[in-house]
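# Observations on chain architecture
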Amino acid sequence: MAGSARWRSESGIAPHKRVVVADEQMSADTAYRLACEGTAMLWRGDFQNARQMLLAMGRRADEKARNARRPPKAANAARSKVKDDKTANVDAKTVAAPASAPTPAAPTEAFNLHRLAQSQRARTLGMLLLPMAGDYTVLLRRAPDLQRACIEAYGLPGKDGHSGDSVVAMREILGLIGAHEWRKKGVPVAALGENIHPHYGVFAPVRNEYVDLVANVPLPKSAADPSGALPLAFDIGTGTGVLAAVLAKRGVARIIATDMDRRAIICANENMRKFKIAPRVQVIEADLFPEGQAPLIVCNPPWIPARPSSPLEGAIYDPDSRMLRGFLAGLAAHLTADGEGWLIISDIAEHLGLRSREELLSWIADAGLVVLERHDVRPTHPRVSDATDPLHAARAAEVTSLWRLAVRS
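Residues numbered from 1 in each chain as written. Predicted model: local features only at pLDDT ≥ 70, side-chain atom pairs only at ≥ 80, totals over all residues. Heavy atoms only, no water.

Across the sheet, which stays open at both edges, the seven strands sit in the order E10-E9-E8-E11-E12-E14-E13 with mixed pairing between neighbours. Both outer strands of the open sheet, strand E10 (281–285) and strand E13 (369–377), are each paired with one neighbouring strand and no more. Direction aside, the axes of adjacent strands within the sheet are offset by 20 degrees on average. Examined bridge by bridge, strand E8 (residues 233–236) and strand E9 (residues 255–259) share four bridges and lie parallel to one another. By the bridge assignment for E9, Ile236 is matched with Thr258. On the sheet, helix H8 (residues 242–249) packs against E8, E9, E10, strand E11 (294–299) and strand E12 (335–346) and is oriented at approximately 175 degrees with respect to E9. Against the sheet, helix H12 (residues 357–366) makes contact with E12, E13 and strand E14 (400–407), and its axis sits at roughly 25 degrees relative to E14, the strand it touches most. (Pairing = 2+ DSSP bridges. Helix = DSSP H or I, 4+ residues; strand = E, 2+ residues; numbered from the N terminus. Axes fitted to C-alpha atoms, helices over the stretch in contact; angles between N-to-C directions. Contact = heavy atoms within 4.5 Å.)

At a minimum axis separation of 8 Å, helix H10 (residues 322–334) and H12 run at an interaxial angle of 30 degrees. Relative to H12, the element H10 lies roughly parallel. Residues Leu324, Arg325 and Leu328 of H10 touch H12, and the partners they reach there are Leu360, Trp363 and Ile364. (Parallel < 35°, antiparallel > 145°, perpendicular 65-115°, else oblique.)

It is worth spelling out the confidence of the model for the chain at this point. This prediction gives the chain a mean pLDDT of 89; 89% of its residues lie at or above 70. Segment residues 81–104 is flagged for pLDDT under 50; beyond a separation of four residues in sequence, or across chains, it makes 47 contacts in the model. (pLDDT = per-residue confidence, 0-100.)

Right, let's get into the sheet that holds strand E4 (residues 128–132). Taken together, five strands build an open sheet; the order of strands is E1-E5-E4-E3-E2 and the sheet is mixed. Pairing within the sheet leaves two strands with one partner each, and these edge strands are strand E1 (6–8) and strand E2 (18–22). Adjacent strand axes in the sheet meet at a mean angle of 35 degrees when their direction is disregarded. The pairing of strand E3 (residues 39–43) with E4 spans two bridges and is classified as parallel. Its bridge partner lying in E4, Met41 is registered against Leu128. On the sheet, helix H6 (residues 170–185) packs against E1, E4 and strand E5 (166–169) and is oriented at approximately 80 degrees with respect to E5.

What follows concerns the packing of aromatic side chains. Considering all chains together, one arrives at four aromatic pairs under this definition. Between the aromatic rings of Phe111 and Tyr317, the centroid separation amounts to 6.3 Å while the plane-to-plane angle is 45 degrees, which identifies the pairing as tilted. Here Phe111 is found in helix H4 (residues 107–125), whereas its partner Tyr317 is found in the loop between E11 and H10, with 206 residues between them in sequence. Among the residues examined, Phe111 registers a relative accessible area of 3% and is labelled buried. Centroid distance Tyr210 to Trp303: 6.1 Å. Interplanar angle 85 degrees. Geometry classified as edge-to-face. Of this pair, Tyr210 sits in helix H7 (residues 208–216) while Trp303 is found in the loop between E11 and H10, placing the two residues 93 residues apart along the sequence. The burial state of Tyr210 is the same as that of Trp303; both residues are buried. A cation over an aromatic ring shows up here: Arg115 above the ring of Tyr317, its NZ or CZ 3.9 Å from the ring centre. Looking at Arg374, its charged tip hangs above the ring of Trp403, at a distance of 5.3 Å from the centre. (Phe/Tyr/Trp six-rings, centres within 6.5 Å; stacked < 30°, edge-to-face > 60°. Buried < 20%, exposed > 50% of the residue type's maximum accessible area, 1.4 Å probe, protein only. Lys NZ or Arg CZ within 6 Å of the ring centre and 35° of its normal.)

Bringing helix H5 (residues 147–154) into the picture now. Think of an α-helix as 3.6 residues a turn; residues three or four steps apart then line up on the same face. Where H5 is concerned, the buried positions are Ala149, Cys150, Glu152, Ala153 and Tyr154. In the core, the buried residues of H5 are packed alongside E1, E4, E5, H6 and helix H9 (262–274). Gly155, located one to two residues past H5, shows a positive phi value of around 95 degrees.

Below, the discussion takes up the pairing of E14. Regular strands have side chains that alternate between both faces of the sheet. In terms of burial, E14 is largely enclosed, as seven of its eight residues are buried. Sheet topology note: the E12/E14 ladder contains six bridges and is antiparallel. By the bridge assignment, Gly341 is partnered in E14 with Leu405. Pairing of E13 with E14 involves eight bridges; the strand directions are antiparallel. Looking across to E14, one finds that His375 is bridged to Leu402.

Here we come to unusual backbone geometry. Positive phi, close to 60 degrees, is recorded for Lys276, a residue that is not glycine. Structurally, the position occupied by Lys276 is in the loop between H9 and E10. Under the relative-accessibility criterion, Lys276 is labelled exposed at 72%. Although it is not a glycine, Asp338 sits at a positive phi angle of roughly 65 degrees. The topology assignment puts Asp338 in strand E12.

With five of five residues buried, E4 lies mostly within the body of the structure. Along E4, one buried face is formed by Leu128, Leu130 and Met132 and the opposite face, lined by Leu129 and Pro131, is buried too. Sheet analysis places E4 next to E5, joined by four bridges and oriented antiparallel. Paired with Pro131 across the strands is Val167, a residue of E5.

This is the structure we're talking about:
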């Protein structure tokens, strides 16, 4: 039976050209094969079984990726051990996160293969679709109440002029649920002694080591006012506002935080109100710098020079290091005399062969800047010790740094 509905995709994925109806009668093997062939499936069964189907498809995608990295004989042996699941109702515990083989010899090759595998996996799993009513009710049995999560991501029903039924990828629905939980519970930030609350589409500051650097590096004394306080700071690319909040806690009298993303601006403003520092922190939309000069300018740009595959990945991947280079190029013009620019960045790109230390130093020098000091810290997140991660060698060697920069005299 033919029908139509609005297509929703926050990642900007185009509507699928071929769609078939699916339910519990379809096996996970069939679903995975259809997805690989480019056919999407509109689920008409039970919501929880749709979740299990997605997990089963994910296991097949991960097994395919593992076999692609194994020698042919090992791949054939492993393939013969895979059980033939006839239904989608598999135990979620058996569908683990993507496993990986040893990293290829060349770090850049390892990174490119890893990104390709991530992209292919996302595309395949994005083929399982769910129907949604105009009021954000998922039209399936045992579906959870997603209205609050959808309002946080999409806005009020009908606000954009579309109030009818829609179709959404199951992966996106799960992302909405996860983002809602992050927003509700918040992310603990030791430097603040409080939780910060990321919104949907705004990167969560789950790696505290770079926040701790901003919390502990001494503020520039030469720019302080007679009372010893720093009168002003800029936070470039504020995101959730976490670094602006840390600077306010350290006694900076006024902070101007900038971002280009509407969701980030709303998120940062809400966090400033929760921390009761909104009168001291002005969050504005700006491409890097606000007008004027400040004695302290802080920036934590994306660390990896590569193309993001979704809006959220824009906090991690930055093609050609555009934000990093833009920050360095414009820093001197926005610093007051004796002011400092704090660049917070990991050297993971260097270990992946995507950017050299020499390039970074040349950009600093070409911008008329000098390095006053560098404060380093090693990350402690779980992937550092995960030897199955295809990027393990780079992660194990990674160092996060705060570079204190000043205008060359």
